[in-house]
Structures are given as structure tokens and as C-alpha cells.
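Chain by chain, the residues run as shown.
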Protein chains: 2
Amino acid sequence: MTMKVIKTIPEMRAWTQAVKARGETVGFVPTMGFLHEGHLSLIRQAKKRAQRVVVSIYVNPTQFGPNEDFEKYPRDFERDEQLCKAEGVDAVFYPDDNEMYSSLHKTYVITEDLSQVLCGRSRPTHFRGVTTVVAKLFNIVQPDFAVFGQKDAQQAIIIKRMAEDLNFPVEIVVAPIIREKDGLAMSSRNKYLSPRQRKEATVLYRSLKMAEQEYSNGNHDIEDIKKKMRQLIEAESSGKIDYIEAVDAETLGPPRPGERPILIALAVYFEPARLIDNIILQKG
Amino acid sequence: MTMKVIKTIPEMRAWTQAVKARGETVGFVPTMGFLHEGHLSLIRQAKKRAQRVVVSIYVNPTQFGPNEDFEKYPRDFERDEQLCKAEGVDAVFYPDDNEMYSSLHKTYVITEDLSQVLCGRSRPTHFRGVTTVVAKLFNIVQPDFAVFGQKDAQQAIIIKRMAEDLNFPVEIVVAPIIREKDGLAMSSRNKYLSPRQRKEATVLYRSLKMAEQEYSNGNHDIEDIKKKMRQLIEAESSGKIDYIEAVDAETLGPPRPGERPILIALAVYFEPARLIDNIILQKG
């Protein structure tokens, strides 16, 4: 079967219907394109679990704020298409904005509390854009499961919450973070980094590993751990810290050291890029 | 086939899956129970169009405000069950609150602009409760189409908007208002009326018919029509007007007399009940 590129909603629905009528399962990987190893690892997860895999490539305008990088978000469909083909993807859903949002569009999916912390503090409408487009894509593609990356930890938690709360008949699979050899988490935005920034940015992962070490050594003073991370990042890079936060890894509420898993998440500006990374501290 | 009463989400999904596997279509009528002729007319519409019909009976807490009548909203499941049986309904979905909302629930579906006008003005969180539970029910029941009543005109418009915006694979069917012989629109809340209020409440429909008459006679001064309606209702009843509004029948924005259909909608308190009714003025 050759890979199909599908641009319209009715064609996408018909494709899934035909696949399901043959008794085959459909795995789904929603992306904004400009694929890197991180995305490919999600695709491989989907391939392992389903007979057919759909990748969507759509830079969703509703998850960008007015001063964010929607216009200059990197796009290269031909390259993405080749990468998907090489991974054995069965269909790429590649709609344009008119196909996805009518001029009458008024509906948003929101997750209260979860979307205003961490990245939501500096990007107040970001997650409602994400949950809205994912709800739309679930209804269009109608997969058996969808794969999201742990890289966007808050996004993964919010999507899981949404899928459960709205009873979507779609299983949410969260795949681990894929890193460069020096530890930097893969991201489409890494291409914005100067060679010097690229080198400095490795401190992000080192700060997370340090936090993990502190915690497993018995330091349950989360404020102290955050302070040490901040000091390390400021000492070894020119990055401007947006946030370093420790929250409950499921509810995003206050952390309970020693009782429940803790998500340590950070966002740091290496202008013009804003990089995120995270680690989960199991109860130790 | 005898009618099945289904209380859990997995059983509901399995039922629909089995029906669809037989190549049959599923029509869906979501209700809050305490069924009257209005509901039965929706069920009959569904029966006409689908091989199998599901009715949900669930008093949804998230669409009631803190000072509204959630606790004392009328409930009578045995009676509803008998009525559904008599209409040839195939399955009744009758979940409890624990089945529908987990303690971790955080997700809401909102329709901007549409939900803050008309009834939304005095019930600010009502429609987000409606869109949220309907999204949930669509994902649980997975019907081919769902039937809503024109009685709740704003609700029908909002649900249509939501279904289209979020690409739900569910057709929205809107069925006409069913009235008592004297014109009063059927409603579960009519039972709260005293005999005197019940008699007075007929002025609501008469005011709408008068508006229609004025409009078709060439009076395109909408403010004048609303004033005449207000005068009639105040002269002939003890009801307290919540609103009398004229809006575009699709966008709920400003009306354009002579150009596009206009929705005239009203809500009037006959304490403790709050009654709603509406009429659509075709472009004349």
C-alpha cells in the first residue's frame, strides 16, 4: 500500500472507515510537521501498536498567541512526506486552514486549572487551541489510539484529561522524550539556536538530571532543588528562565514529595527560541 | 427486540458497536427525562430516520447554576421507561453522576459569543454545561444523528455550531416545537405552574404569533414589535419578563429584517418556573 496524502475531512473519514471495515486498527500521530527524530519515535510507537498509522501535519493557528511564531513556524511538507513514507506511514492528513476552521468557528475545548499553569502562564490561550484542534482531529481521523510525546508533558496531561472527561473513544499513548546525544530534547525550535546557544542549551537536561539526583539522594525540599537548578542554568548559559516548576505529575497541583510522582518542568528562552524540557521524579 | 436500559459507558458503547456491525443506523435523543409530548415527538422523528433509537435520560448537573433547580428538577424514571417502551425505543442510556463526571473532571466545551446572549445572560454557565454533556454523550453513544427540539432554539443553534466546529460525525436534526392545544409550548417545567399561571402563560405564544403577524404585514421595526409583545405579556399575565429578544436565526447576532431569518425568543418567569418560547420569522 502506498502512502496516501489526504487534504479533506470527508476523504480522511472515508479512509478510516475503509480501514476499520477491514478489521484493522488505526494509530494516530498529530504533528505540526517539520518532523524530527522525536516525531519519528512517536510514529514508530504507533506502528508497533496498530495495523495502520495516520500522521497529521497541520500548523494549528489557534494554539499560537498574537505575538507568537505562527507565521515563521518552520514548514517543509515535501521533507515531512518523505520522512513519513520512509517510516511506513499509511496516510498523511494535510488539511489547510479553510478545511479546519470555518469563518463561523466559535467552539473551544478548555481544561480548567490545568491550562493556566506552567507554559499556560506565558501562553494563556495555547492549550485551549491544542485541546480544540485535537478534539477536531479525533473526530475527523477517528483512530483507536493517538500518540503524544512526554516532551510536552503538560500537553500530554491535558490531552489525557480531555480525552477522559469528554469520553473520546481514543486511547492516549505517551511516548518518552527523544534527545540529542548531548541530552538536548529534540524540538523543531532547536533550529533557531545559534551554535553558542545550541551548546549552552544542554544545561537544561543537566539541570533536570541534577534535580533527579538530589531527589533520589533524599532531598525532598523542592524549593531548594528548584533554586539549585536556577543557579546552574544561570551560571552556564545566557538563557532567560521563563519558569522552573515542580507539580503533581497527574493533577499539575502542588507536589507531594515522597507521596506521588512529581513533574519538574522548565521553559527557558534562548531568543528567539523558547525551549521546554521535563523529568518525572518517581516517589522516592 | 426488547428495550434495553443501559447504565454504564462501556455497555453503551458495546451496544452501538453491535448495532453498527449489523449495518443498522442509530438515532439519538438526549433528554433530562420527565418526558412529555415534546420529547416523544423527538423520539418519533428519530424512529422515522434510523433503524435503532437511543434515548438518554440524565439530569446534567453542569448545566444548572448554583441557585437553579437541579435538586428539584422533576424525575420519574419508571414513567419515562414506560413511555420510551411504548414509543419503540431500543435503548435507554441512564447513567448516574459518578458514571458521567469523575472527581477530576476539568474539561468544558464552550461556544464563544453564542452562549452569553438570550438565556445565557441570566444563566452564564448553562450552555457550556449543555455543550459539554452533549459532546460526552456523542462520544459515548456514537449515533449517526441526534435530534434536538426547536423549543430550545438557542440550544439547537449552539449544538449545531459545536458539532460542526468540532467535526463530530453526528448529524444534528432540529424538530419543531410541540404545543398544548391552547398554544403553550410543552415543557417539564409547566408542572410548576398554578392553574392561574397556566392560563396566563398562553400569552407567550400569542405574543409570538402577534410578532409574526406584524412582521408579515410589513412591520420591520423590530424594536416596535418587541415593545408590543412586552405590552401584551404585561397586560395579560403576572409573568415577569426575563427577556424578549430578536436575533439572527443562525448567528444569534443583530437581526437583519427583510434579509435573513430572525429568531424571536423570550423567557418569562412564572415563579417558580421560568418558561421559554420562540418563533422564526422568515425573511418577508
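Residues numbered from 1 in each chain as written. Chains lettered and ligands numbered in written order. Predicted model: local features only at pLDDT ≥ 70, side-chain atom pairs only at ≥ 80, totals over all residues. Heavy atoms only, no water.

What about the interface of chain B and chain A?
(1) Moving on: Each partner contributes to the interface: chain B provides 28 residues, whereas chain A provides 29 residues.
(2) Moving on: Taken together, the two surfaces of chain B and chain A that pack against each other cover about 2,600 Å², and 50% of this comes from carbon and sulfur.
(3) Moving on: Between B:Glu112 and A:Arg128 there is a salt bridge; the shortest N-O distance is 2.9 Å.
(4) Moving on: At the junction of chain B with chain A, the criterion picks out 22 residue pairs in polar contact (both at pLDDT 80 or more).
(5) Moving on: Elements represented by at least two residues in the side of chain B that touches chain A include exactly helix H1 (9–21), strand E5 (107–111), helix H6 (126–141) and helix H7 (153–165) of chain B.
(6) Moving on: Ranked by the residues each element gives to the side of chain B that touches chain A, the list is headed by H6(B), at six residues.
(7) Moving on: Here the residues of the side of chain B that touches chain A sort into 12 nonpolar, eight polar and eight charged.
(8) Moving on: With five bridges connecting them, strand E5 (residues 107–111) of chain A and E5(B) associate as antiparallel partners. Following the sheet pairing, A:Thr107 is matched in E5(B) by B:Thr111. (Contact = heavy atoms within 4.5 Å. Buried area = accessible area lost by both parts, 1.4 Å probe. Salt bridge = Lys/Arg side-chain N within 4 Å of Asp/Glu carboxyl O. Polar contact = N/O pair within 3.5 Å; in protein donor to acceptor, adjacent residues only side chain to side chain. Helix = DSSP H or I, 4+ residues; strand = E, 2+ residues; numbered from the N terminus. Nonpolar A, V, L, I, M, F, W, Y, C, P; charged D, E, K, R; others polar. Pairing = 2+ DSSP bridges.)

Describing the domain arrangement of chain A
Residues and elements named next belong to chain A.
(1) Moving on: Along its sequence, chain A is organised into domain 1 (4–175) and domain 2 (188–276).
(2) Moving on: Here the C-alpha centroids of domain 1 and domain 2 sit 26 Å apart.
(3) Moving on: Domain 1 puts 22 residues into the contact, and the matching count from domain 2 is 17 residues.
(4) Moving on: Between Glu245 and Arg121 there is a salt bridge; the shortest N-O distance is 3.7 Å.
(5) Moving on: Where domain 1 touches domain 2, the interface holds six residue pairs in polar contact (both at pLDDT 80 or more).
(6) Moving on: Of all the secondary structure elements, the ones that give two or more residues to the side of domain 1 that touches domain 2 are helix H5 (119–122) and helix H7 (153–165).
(7) Moving on: Counted by class, the side of domain 1 that touches domain 2 contains 10 nonpolar, six polar and six charged residues. (Domains from an automatic or database assignment.)

Notes on empty space enclosed by the protein
(1) Moving on: Within this structure, the stated rule accounts for two cavities of 30 Å³ or more.
(2) Moving on: In this model, the largest cavity occupies a volume close to 50 Å³.
(3) Moving on: Along the walls of the largest cavity sit A:Lys151, A:Leu184, A:Ala185, A:Ser187, A:Asn190, A:Leu204, A:Leu275, A:Ile276 and A:Asp277, which together make up its complete lining.
(4) Moving on: Here the element with the most residues in the lining of the largest cavity is strand E10 (residues 273–281) of chain A; it accounts for three residues.
(5) Moving on: Quantified by volume, the second largest cavity comes out at close to 30 Å³.
(6) Moving on: Lining the second largest cavity, in full, are B:Lys151, B:Leu184, B:Ala185, B:Asn190, B:Leu204, B:Leu275, B:Ile276 and B:Asp277.
(7) Moving on: It is strand E10 (residues 273–281) of chain B that contributes the most residues to the lining of the second largest cavity, three residues altogether. (1 Å grid on protein atoms, 1.4 Å probe; cavity = no way out; pocket = protein on both sides within 12 Å on 5 of 7 lines; lining within 4 Å. Points joined across faces, edges and corners; volume = space filled by probe spheres on them.)

Let's talk about the pairing of E5(B)
(1) Moving on: Within E5(B), five of the five residues are buried, which leaves the element mostly enclosed by the surrounding structure.
(2) Moving on: Alternating positions in E5(B) separate into two faces, B:Thr107, B:Val109 and B:Thr111 on one and B:Tyr108 and B:Ile110 on the other, with burial throughout. (Buried < 20%, exposed > 50% of the residue type's maximum accessible area, 1.4 Å probe, protein only.)

Overview of the packing of aromatic side chains
(1) Moving on: Enumeration according to the criterion identifies eight aromatic pairs over all chains in this entry.
(2) Moving on: Note on A:Phe77 and A:Tyr94: the rings are 3.7 Å apart at their centroids and 10° apart in plane angle, and the pair reads as stacked. Linking A:Phe77 in helix H3 (residues 77–86) with A:Tyr94 in the loop between strand E4 (91–93) and helix H4 (97–100), this pair joins segments that are 17 residues apart in sequence.
(3) Moving on: Ring plane angle 75° and centroid distance 5.5 Å describe the contact between A:Phe138 and A:Phe168, whose orientation is recorded as edge-to-face. One end of the pair, A:Phe138, is in helix H6 (residues 126–141); the other, A:Phe168, is in the loop between H7 and strand E7 (171–175), with 30 residues separating them in the sequence. For the residue pair A:Phe138 and A:Phe168, the accessibility class agrees, reading buried in each case.
(4) Moving on: Through a chain of ring-to-ring contacts, three or more aromatic side chains come together here, namely A:Phe64, A:Phe70 and A:Tyr73.
(5) Moving on: Here B:Arg79 stacks its cationic end above the ring of B:Phe34, 5.2 Å away from the centre of that ring.
(6) Moving on: Over the ring of B:Tyr101 we find B:Lys136; its NZ or CZ atom is 5.0 Å from the centre of that ring. (Phe/Tyr/Trp six-rings, centres within 6.5 Å; stacked < 30°, edge-to-face > 60°. Lys NZ or Arg CZ within 6 Å of the ring centre and 35° of its normal.)

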